[in-house]
Amino acid sequence: MSKTDNPFGSGYGAAAGAQTVSYGTPSPNGAAPSASDLIKETTTAAFSKDVIAESKNQPVLVDFWAPWCGPCKQLTPVLEKAVRAAGGRVKLVKMNIDDHPAIAGQLGIQSIPAVIAFADGKPLDGFMGALPESKVTEFIDRIASPDGGRDAAIQSALDAAAHAVEAGDVEQAAQVYSAVLGEVPDHVAALAGLANCLIELGDLEKAKATLEQVPAVNKDDAGVRAAEAKIALAEQVAKLGDPVALEARVQENPKDYRARFDLAMILNAKGQRHEAADQLLAIMKADRAWNDDGARKQLLQFFDAWGAADEASVTARRKLSSLLFS
């Protein structure tokens, strides 16, 4: 099966920012579903109908198993009992991976038994191994609960946004955070995440407006405070001037220590720690007494902010020692 034939779209763990999941849809005649309706075997060809489409009515658990798998035989009766006890809140679809390996391969399943829950056409959560009945019931209750399903979808979206930030795709991350806020307007992690993205994109006013939406009881959240600190630093750096112009001043006059100092502050804000430290060290080397030993004091503040184990701290401390004691 090619990537474009993937019946479950973007795959297990993909973002589901705008996901809406419907749970516990009753049968057309209003009667409780029969055992045959709740549990069935499927094939690769029928997977889209039995799982993707059906999961838009209620969550569907897919049990990936094989005849030779001992733990699978232990899990099957436990799983079936728990699904029947759920009374139609979930359905169970079993797939023999010996006969139908493609779906398990696309989901990255490498050991069985493996159970993946689908909701609204997408993988939502899962577990591996032969769990006891209490754990299986707990899993079903979480998946079958509207709030639990939404929470899982939101967490998946937040994880996707974090990965996008790590990959440098800040705009995509901002869209995902916005989608989460469309579902939960006061979600603290999403508000902090969106604010951080807006800071990276240079829109400080929107970032501040976003943080204003954080509930008062959550103002001390670490993510919120970090975003506020970034805004304060960005505003401070904005007052220091154009880094290109500052660098030109330093090139023209190496003794323009104010320009060099301000340039160090900007470089640090941009994450260029080694370069920031070098500018302060250059001031110290030329004029230790400048601004009441201000360059050294600022460098020590950088060390505190970066952490003792940070590579820039280690390198700059070595240079500082050499400068002071040579």
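Heads up: the structure comes first, above all this text.
Since the structure is predicted, the reported quantities are computational estimates derived from the model, not experimental observations.

So, how was this worked out
- Residues numbered from 1 in each chain as written.
- Predicted model: local features only at pLDDT ≥ 70, side-chain atom pairs only at ≥ 80, totals over all residues.
- Heavy atoms only, no water.
- 1 Å grid on protein atoms, 1.4 Å probe; cavity = no way out; pocket = protein on both sides within 12 Å on 5 of 7 lines; lining within 4 Å.
- Points joined across faces, edges and corners; volume = space filled by probe spheres on them.
- Helix = DSSP H or I, 4+ residues; strand = E, 2+ residues; numbered from the N terminus.
- Nonpolar A, V, L, I, M, F, W, Y, C, P; charged D, E, K, R; others polar.
- Buried < 20%, exposed > 50% of the residue type's maximum accessible area, 1.4 Å probe, protein only.
- Pairing = 2+ DSSP bridges.
- Salt bridge = Lys/Arg side-chain N within 4 Å of Asp/Glu carboxyl O.

Here the focus is the layout of surface pockets. The space that makes up the largest pocket amounts to roughly 710 Å³. K230, L233, A234, A269 and K270 are, among the 21 residues lining the largest pocket, the residues nearest its centre. At the level of secondary structure, the elements contributing two or more residues to the lining of the largest pocket comprise α8 (188-200), α10 (222-238), α12 (257-269) and α14 (294-306). Here the residues of the lining of the largest pocket sort into 12 nonpolar, five polar and four charged.

Of all the six residues making up strand β4 (residues 114-119), six are buried; the element is thus mostly covered by neighbouring parts of the structure. What you see with β4 is no split at all: A114, I116 and F118 on one side and V115, A117 and A119 on the other are buried throughout. In this structure, strand β2 (residues 60-65) lies alongside β4, joined through five bridges in antiparallel fashion. When the bridges of β4 are listed, F64 appears paired with A114. One ladder, built from six bridges, connects β4 with strand β5 (residues 122-128); its direction is antiparallel. When the sheet's bridge partners are listed, A117 is paired in β5 with D125. Joining the antiparallel neighbours β4 and β5 is a turn of two residues, in which D120 adopts a positive phi near 55 degrees.

Within this structure, the stated rule accounts for 16 salt bridges. K319 is the salt-bridge partner of D278, the closest N and O atoms lying 3.0 Å from each other. Of this pair, D278 sits in helix α13 (residues 273-286) while K319 sits in helix α15 (residues 311-325); the two residues are 41 residues apart in sequence, bridging distant segments of the chain. Here D292 makes a salt bridge to K297, at a shortest N to O gap of 3.3 Å.

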